[in-house]
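Examination of the molecular architecture
Each chain is listed here by its residues.
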Amino acid sequence: MIINGRRARTVARCLFAAALAAVPVSLLGQIPTDSWPTYHGDYSGRRFSTIKQINTGNVKALTLAWVYRLNTSRTGAIVGGEGTDTPPPGSPPSIKSTPLMINGVLYFSVPDHVWALDARTGRENWHYAWKTRGGDHIGNRGVGILDNWLYFLTPDNYFISLDVGTGKERWHHEIANMKREYFSTNAPMIIGRQVIIGVGGDALDIPGYLESRDPEAGNLVWRWNTTPRPGEPGATSWPDEESMSHGGGMPWIPGTYDPDLNLYYLGTGNPQPVLSGKSRPGDNLYTCSIVALNPNTGKMVWYYQVTPHDTHDWDAAQTPVLIDGDFDGKPRKMIAQASRNGHFFLLDRITGEHLLTSKHIDSLNWTKGINSTGQPTHDPGKDASVPGTLVSPDTSGATNWPPPSFSPDTGLMYFGTRQTFSVMYLTDTDGRPQGWAAAERNVGSVGNALKAIDYKTGKVKWSRPFAMGPGGSQGGPVGLLSTAGGLLFGGDGGGNFVAYDASSGKPLWHAGLGTNTTNGPQTYLLDGRQYIVVGAGDSLYAFVLQQ
Amino acid sequence: MNKVRRVLAVLTVRSVPAVLGVLVFSAVPAGAQQQALTPVTDTAAVERGQQLLVNQCGFCHGANARGGSGGPDLTRSTLVQSDENGRQLGEFLAVGRPDKGMPKFDLPRAQVADLAAFLHSSIYQNSNRRLYKILDIVVGDAKAGEAYFNGAGRCATCHSPLKDLKGVGAKYEPATLQGRLLLPRGRERAPGSPAVPLYADPTSVTVSVTPSSGPTVSGGLVRLTDFEVTLYDASTGQMRSWLRNGDSPKLAIVDPLQAHMDQLPRWTDADMHNMTAYLASLK
């Protein structure tokens, strides 16, 4: 029987839509077992799967199902884009996106590329390649899918929609100006009919903004500026219009969402100029903050600033994780962040009320202490200076964007940490410094470790040092996945993908990939088998129990 | 299972040469940024543009174009940043913005191009932190540094200005000197000389491995994970590895720079600057 392409696609779309409709949205407070439909699997950011086919008792039998090595060739790909026919030079891309898995197909991205892979076999269904105009190709966090349409962003700031079944492009829109050094890395977050996207960039002093776009035509629905304009709430935390409208605060990582409260939680980026606060005295709201937005309107409901007046590039983009549990003997809806500035924060997510702050590394030396609302107090003596200021952690922070995990079974939040030192040299002594305004020379680390924090106390329950090399401790922020099988999956900084006992941190299984994992691992059940999928550099690996 | 093992083995072998390079976490490594903007190569045009700016625009927009008495910062202007070789800038200048006090300027196309070259060059300099020049950092008190060297810093325990540090102030530029004061890991390599892997350098962390049978083997630590240990044996010029199983084999890790590591959290910036001034004086 011959079915023409269009008809086949239509049939496929109908089947696909039916399959998607079978995933109740209410479940997105918990990751479905037969799919992984968002960046975090669900909306909570916990990256905790209830699947326990693979567990502490049998994980030793975990074995390779397949490997997919990135094929970025435009030959055979569906090609779109506004750039040149010659791909830009550069190092091989690294997989930082968490693949979505829907209806037996994995969807993931690196800058300028999206792939659909068969989730059983790891073989390519389609590949979309974007001809770029340029921009920072540092990474791409992944795609968003609504019904039979896929959404993603490019380094040259295009918002693109593809047909999920075929990879064929539906449209693309430019959302930011590349010449101002905006670049886009975010994975679109889809809430109802809102496709929420954010921009990145910190080389010039540019304002950050988050947008909602309509899923059909890709047009702007609302825009939330991460810094206020004159007269707006928060404006008094900046000296003038010039500073606040060039103040950064890039929303470059997807947030989390509470369907019951209808609040979208986002960690915002650092203020700009990055390493000098001379032209922006004040707290610089709403940079380095956890903010709660109404996803229908883009209006802010509350905020909590984890680093007032940052001068070290420590954005608060780290995933704010939703935790439901007891605190001080009472059940509460909470939100937690292991922040780049070296502190762990726990808030009430209904009101933003501060509940707890603790240090998650010992080496940090930049704060005068914790104030009455739990915020670390800025120490001007630890700002970049002409002769150099020794700061811990370095600008990459005590932790970073790689997705953390929280297990409701253990009550522990897991994330990778670094205790680095670097010297920060003020290089731009003008009264109106620009860009980064300072140079950094890295020194070394006194110990990087995978840590598990008890959210109720903020204390480290267990800590496992990462790998060592000739220069000492290595590894650091790492994408993690916890499961009801009592396991925690992640990298060890030494090129291994490891399954740890989530209660104790004891390693139970590993695969010597030879390359550190570079994304958040994810999991799904397909044909009754649990797959664990992780990216390491230019390859995606899937593991299953040996049968 | 065999097939699976083979696949992993192949992948591991393929990755080995790159291992040291990729094991270091790189979230946003300083200096590794890629840019949309490109440098302005016509330096003569940039210089002419700078003169033009100072003379014609500087009063309102500042001599460095970052804003002056009344005029906005031009290097942060969206119009300027989006401009292509002076085209949009020229169109704007021909009209001005009289309602905001910006008169029109009738400049020849070549002069507009020079102005644009200077502005784009400034913007590029601002945006590219790899190009930032560290300023004069030798501002500390060398005498206080010497006292720290012999006293609280306990540097004299291992070092001497007459021996290993002789002439060190002439050997390194100040920021490198300050960096090596904090942690002198690895050797500064002369241009053109072959790279020595860190594990083969005397400043590498070392490991001694004692298997359940056989002699202890020591060398530069290549890699230590929960599952394996690999060292570089300088006596044979070869790497050796052992799989780890609990406490076996026995390991002893020594960092020859442990005193520097222990000192890292103890430094005050003033002590660091004084020590840098002292070391810089050892010419």
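Residues numbered from 1 in each chain as written. Chains lettered and ligands numbered in written order. Predicted model: local features only at pLDDT ≥ 70, side-chain atom pairs only at ≥ 80, totals over all residues.

Details of the overall build of chain B
Selection rule: The secondary structure listing takes helices from DSSP runs of H or I that are at least 4 residues long and strands from runs of E that are at least 2 residues long, numbered from the N terminus. The exposure scheme places C-beta atoms from the backbone and then counts, for each residue, the other C-beta atoms within 10 Å of its own, assigning buried at 20 or more, exposed at 12 or fewer, and partly exposed in between. By definition, residue pairs are in contact when their C-beta atoms, positioned from the backbone, come within 7 Å.
Across its full length, chain B carries 10 helices and five strands. Within chain B, buried positions represent 31% of all 283 residues. Residue pairs at least 24 apart in sequence account for 54% of intrachain contacts in chain B once pairs closer than 6 positions are excluded.

A few points about the overall build of chain A
What counts is decided by this rule: Radius of gyration here uses only the C-alpha atoms, and the compact-globule reference equals 2.2 Å multiplied by the residue count raised to the power 0.38.
Regarding its fold elements, chain A presents two helices and 41 strands. The C-alpha atoms of chain A give a radius of gyration of 22 Å, which matches the 24 Å a tight globule of 547 residues would have. Burial status across chain A gives 63% buried among its 547 residues. Taking the contacts inside chain A whose residues are at least 6 apart along the sequence as the reference set, 61% of them involve residues at least 24 apart.

Thoughts on the pairing of strand S29 (residues 420-426) of chain A
All names here are of chain A. Formally: In this analysis, strands are considered paired if DSSP registers two or more bridges between them.
With seven of its seven residues buried, S29 lies for the most part within the structure. Side chains of S29 alternate between two faces, with Thr420, Ser422, Met424 and Leu426 and Phe421, Val423 and Tyr425 buried alike. Sheet topology note: the strand S26 (residues 389-391)/S29 ladder contains three bridges and is antiparallel. In the sheet register, Leu390 faces S29, and the bridge partner there is Val423. When S29 meets strand S30 (residues 438-445), the two strands line up antiparallel, connected through seven bridges. Note that in S30 the partner of Ser422 across the bridge is Asn442.

What to know about the sheet that holds strand S9 (residues 149-153) of chain A
All names here are of chain A. Under the convention used in this document: To get an axis, fit a line to the C-alpha atoms, keeping to the stretch in contact for a helix; angles then go from 0 to 180 degrees between the N-to-C directions.
Ordered by their spatial adjacency, four strands build an open sheet running S8-S9-S10-S11, and the pairing between neighbours is antiparallel. Sheet topology places strand S8 (144-146) and strand S11 (169-174) at the edges, where each strand pairs with a single neighbour. With strand direction ignored, the average angle separating the axes of adjacent strands in the sheet is 20 degrees. As paired strands, strand S10 (residues 158-163) and S11 are joined by five bridges and run antiparallel to one another. Within the sheet, the bridge partner assigned to Leu162 lies in S11 and is Glu169.

Describing the packing of helix H4 (residues 87-95) of chain B against helix H5 (residues 109-127) of chain B
Residue and element names in this part refer to chain B. Our working rule: Helix crossings fall into two classes, left-handed where the near helix is turned counterclockwise from the far one by less than a right angle and right-handed where it is turned clockwise. Any residue that is not Ala, Val, Leu, Ile, Met, Phe, Trp, Tyr, Cys, Pro, Asp, Glu, Lys or Arg is counted as polar, Gly included; the first ten are nonpolar and the last four charged.
It is the contact of H4 with H5, at a shortest axis distance of 9 Å, that shows an interaxial angle of 120 degrees. When the axes of H4 and H5 are compared, the crossing they make is right-handed. Across from Leu89, Gly90 and Leu93 in H4, the residues of H5 making contact are Arg109, Val112, Leu115 and Ala116. When its residues are assigned to classes, the contact of H4 with H5 shows five nonpolar, one polar and one charged.

Overview of the interface of chain A and chain B
Taken together, the contact between chain A and chain B spans 70 residues of the former and 67 residues of the latter. Broken down by element, the side of chain A that touches chain B gets its largest block of residues, five residues, from S30(A). Grouping the constituent residues of the side of chain A that touches chain B by class yields 24 nonpolar, 35 polar and 11 charged.

Describing the environment of A:Ser539
Residue and element names in this part refer to chain A. Tracing the sequence through the fold places Ser539 in strand S41 (residues 539-545). For the pair Ser539 and Asn71, spaced 468 residues apart in sequence, the C-alpha to C-alpha distance is 9.5 Å. Once residues lying within four places of it in the same chain are set aside, the contact partners of Ser539 are Val67, Tyr68, Arg69 and Leu70.

Points about the sheet that holds strand S21 (residues 330-338) of chain A
Residues and elements named next belong to chain A. If you trace the four strands from one edge of the open sheet to the other, you get S20-S21-S22-S23, paired in antiparallel fashion. The open sheet terminates on both sides in strands that have one partner only, identified here as strand S20 (321-327) and strand S23 (354-359). Strand-to-strand, the axes of this sheet are offset by a mean angle of 30 degrees, without reference to chain direction.

Considerations on unusual backbone geometry
Of all residues except glycine, most have a negative phi; of all peptide bonds, most are trans. Residue A:Pro273 follows A:Gln272 across a cis peptide bond; omega there is -5 degrees. Omega for the bond connecting A:Leu285 with A:Tyr286 falls within 30 degrees of zero, at -5 degrees, which places this linkage in the cis form. Along the polypeptide, A:Tyr286 turns up in the loop between strand S17 (263-267) and strand S18 (289-293). Of note, the phi angle at A:Ala437 is positive, near 65 degrees, even though the residue is not glycine. Backbone geometry places B:Asn85, a non-glycine residue, at a positive phi of 55 degrees. Relative to the helices and strands, B:Asn85 is located in the loop between helix H3 (78-82) and H4. Residue classification places B:Asn85 among the partly exposed residues on the basis of 13 C-beta atoms within 10 Å.

Notes on the domain arrangement of chain B
The condition is simple: As annotated, the domain borders come from an automatic or database domain assignment.
The domains assigned to chain B are domain 1 (43-131), domain 2 (142-184 + 259-280) and domain 3 (198-256). Just the C-alpha atoms count here: the centres of domain 2 of chain B and domain 3 of chain B sit 30 Å apart.

Comments concerning the confidence of the model for chain A
We count it as follows: The predictor attaches a confidence to each residue, and that confidence, scored 0 to 100, is pLDDT.
For chain A, per-residue confidence averages 94 on the pLDDT scale, and residues scoring 70 or more make up 95% of the total. Counting contacts from residues 1-25 of chain A, a segment whose pLDDT is below 50, to residues more than four positions away or on other chains yields 18 contacts.

Some remarks on the environment of A:Tyr209
All names here are of chain A. Secondary-structure assignment places Tyr209 in strand S14 (residues 209-213). Taking the C-alpha atoms as reference, Tyr209 lies 8.9 Å from Ile197; in sequence the two are 12 residues apart. Setting aside its immediate chain neighbours within four residues, Tyr209 contacts Val199, Arg223, Trp224, Asn225 and Thr226.

Here we look at the confidence of the model for chain B
All names here are of chain B. With 88% of its residues at a pLDDT of 70 or more, chain B has an overall mean of 88. Segment residues 1-32 is flagged for pLDDT under 50; beyond a separation of four residues in sequence, or across chains, it makes 43 contacts in the model. As a predicted assembly, this complex carries a pTM of 0.92 together with an ipTM value of 0.92.

What to know about the nonpolar core
The following threshold applies: By definition, a nonpolar core groups buried Ala, Val, Leu, Ile, Met, Phe, Trp, Tyr and Cys residues that are joined through C-beta atoms within 7 Å.
Of all hydrophobic cores here, the largest spans 162 residues; its most connected members are A:Tyr107, A:Val143, A:Leu150, A:Ile335, A:Ala336, A:Met413 and A:Ala499. Both domain 1 (43-131) and domain 3 (198-256) of chain B contribute no fewer than three residues apiece to this core. Non-local contacts of A:Ala499, meaning those with residues more than four positions away in its chain, are made with A:Val59, A:Leu62, A:Leu487, A:Phe489, A:Leu508 and A:Trp509. A:Leu364, A:Leu390, B:Leu182 and B:Met272 belong to the second largest nonpolar core, which has 37 residues in total.

Points about H5(B)
Applied cut-off: Multiplying 1.5 Å by the residue count of a helix minus one yields the expected span of that helix.
The terminal C-alpha atoms of H5(B) lie 26 Å apart, and with 19 residues this matches the ideal 27 Å at 1.5 Å per residue to within 8%. In terms of residue burial, H5(B) counts as a mostly covered element, since 14 of its 19 residues are buried.

What to know about the packing of helix H2 (residues 43-61) of chain B against H5(B)
Residues and elements named next belong to chain B. To keep it simple, the criterion reads: Angular relationships are summarised with four words: roughly parallel below 35 degrees, roughly antiparallel beyond 145, roughly perpendicular across 65 to 115, and oblique for the angles in between.
Orientation of H2 relative to H5, taken along the N-to-C sense of each, is 100 degrees, at an axis distance of 7 Å. By the angle between their directions, the pair H2 and H5 is classed as roughly perpendicular. Of the residues in H5, those in contact with Ala45, Val46, Arg48, Gly49, Gln50, Leu52 and Leu53 of H2 are Gln111, Ala113, Asp114, Leu115, Ala117, Phe118 and Ser121. Taken together, the residues of the contact of H2 with H5 break down into eight nonpolar, four polar and two charged.

Quick notes on the environment of A:Ser97
Residue and element names in this part refer to chain A. Residue position: Ser97 is located in the loop between strand S3 (78-81) and strand S4 (100-102). Taking the C-alpha atoms as reference points, Ser97 and Gly282, separated by 185 residues in sequence, lie 35 Å from one another. The contact partners of Ser97, leaving out residues within four places of it in the chain, are Phe108, Ser109, Val110, Asn140, Arg141, Gly142, Ala187 and Asn519.

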